[in-house]
Amino acid sequence: MQSWIRSGGIRSSGTFCTGVALMVVTLFSWSSPLTGTPNSTTATATSVDENSIALSNRSQPRWIEIDLSEQRLRAWEGKKLVHSYRISGGKRSTPTPIGRFWINSKYRTHRMRGSGYNIPDVPYTMYFYRGYAIHGAYWHNRFGTPVSHGCVNLPVKQARNLYNWASMGTLVVVRK
């Protein structure tokens with residue numbers, strides 16, 4: 001009886017050790033898609049060219065491109081341009097992060113608070129990185145000019161169109 005208990009214990013401890021080893025290997029082999037310091041507002045990305053976008057299009061044909069130098073957002077289905085809107089990105093003191101991200105949460109309306117702002121009912125909010133989102137802005141009409149605290153502002157009607165078009169996990173590529 002004791003040998004049966006010991007052999008069962010050895011078998012289960014072997015299974016336990018294997019499970020722990022797999023978790024450790026997984027933990028150390030995972031790497032974040034973003035690099036940089038945790039407090040940095042710039043996330044470095046691998047070079048984004050047409051080939052890397054084409055590869056991601058096989059599994060996800062819809063993606064959003066934000067060009068901060070043009071203050072323009074473009075929504076793509078593969079290589080077909082679906083939407084093109086003027087935006088207001090982050091001003092120099094509060095820049096929009098650069099890199100490849102994915103929409104990780106969506107809210108029809110959401111309260112946004114931060115240093116120097118507290119805005120209720122921000123419409124069509126889609127977070128793509130930490131507290132940074134693409135959303136409608138009813139409090140200004142300066143699209144084409146960087147005036148935000150780092151988010152990507154759109155006119156409300158255009159934000160609604162984009163919100164309804166994009167889904168969770170949609171790729172967001174932000175370029176300077």
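First, a word on scope: everything that follows refers to the structure included in this document. Because the structure is predicted, anything quoted here is derived from the model rather than measured.

Pairing between sheet strands relies on hydrogen bonds along the backbone, with the strands arranged either parallel or antiparallel. The sheet built from five strands is open, its strands ordered 3-2-1-9-4 with mixed pairing. The open sheet terminates on both sides in strands that have one partner only, identified here as strand 3 (80–86) and strand 4 (99–102). Between one strand axis and the next, the sheet turns through 20° on average, direction left out of account. Lying on the sheet, helix 3 (residues 156–165) is in contact with strand 1 (62–67), strand 2 (72–77) and strand 3; it crosses strand 3 at an angle near 145°.

One pass over the structure, following the stated rule, counts seven aromatic pairs. Pairing Tyr107 with Tyr127 gives two aromatic rings, centres 6.0 Å apart and planes at 80°, and the pair type is edge-to-face. Separated by 20 residues along the polypeptide, Tyr107 in strand 5 (residues 105–114) and Tyr127 in strand 6 (residues 117–129) bring together distant segments of the chain. A residue is classified by how much of its surface remains accessible, and Tyr107, at 34% relative accessible area, is partly exposed. Residue classification places Tyr127 among the buried positions, given a relative accessible area of 10%. Linked through ring pairs, Phe101, Phe128, Tyr129 and Tyr132 together constitute an aromatic cluster. Taking NZ or CZ as reference, Lys106 lies 4.3 Å from the ring centre of Tyr163, over its face.

Spatial ordering of the open sheet is given by 5-6-7-8, a layout of four strands whose pairing is mixed. Pairing within the sheet leaves two strands with one partner each, and these edge strands are strand 5 and strand 8 (152–154). Direction aside, the axes of adjacent strands within the sheet are offset by 40° on average. Pairing of strand 5 with strand 6, which is carried by eight bridges, proceeds in the antiparallel orientation. Of the residues in strand 6, the one forming a bridge with Lys106 is Met126. Contacting strand 5, strand 6, strand 7 (132–136) and strand 8, helix 3 crosses the sheet at an angle of about 35° to strand 6.

This next bit is on the layout of surface pockets. Each pocket or cavity is described by its volume, and for the largest pocket that value is around 260 Å³. Secondary structure elements with two or more residues in the lining of the largest pocket: strand 5, strand 6 and strand 7. For the lining of the largest pocket, the element with the most residues is strand 6, which contributes three residues.

The rules behind these values
- Residues numbered from 1 in each chain as written.
- Predicted model: local features only at pLDDT ≥ 70, side-chain atom pairs only at ≥ 80, totals over all residues.
- Heavy atoms only, no water.
- Pairing = 2+ DSSP bridges.
- Helix = DSSP H or I, 4+ residues; strand = E, 2+ residues; numbered from the N terminus.
- Axes fitted to C-alpha atoms, helices over the stretch in contact; angles between N-to-C directions.
- Contact = heavy atoms within 4.5 Å.
- Phe/Tyr/Trp six-rings, centres within 6.5 Å; stacked < 30°, edge-to-face > 60°.
- Buried < 20%, exposed > 50% of the residue type's maximum accessible area, 1.4 Å probe, protein only.
- Lys NZ or Arg CZ within 6 Å of the ring centre and 35° of its normal.
- 1 Å grid on protein atoms, 1.4 Å probe; cavity = no way out; pocket = protein on both sides within 12 Å on 5 of 7 lines; lining within 4 Å.
- Points joined across faces, edges and corners; volume = space filled by probe spheres on them.

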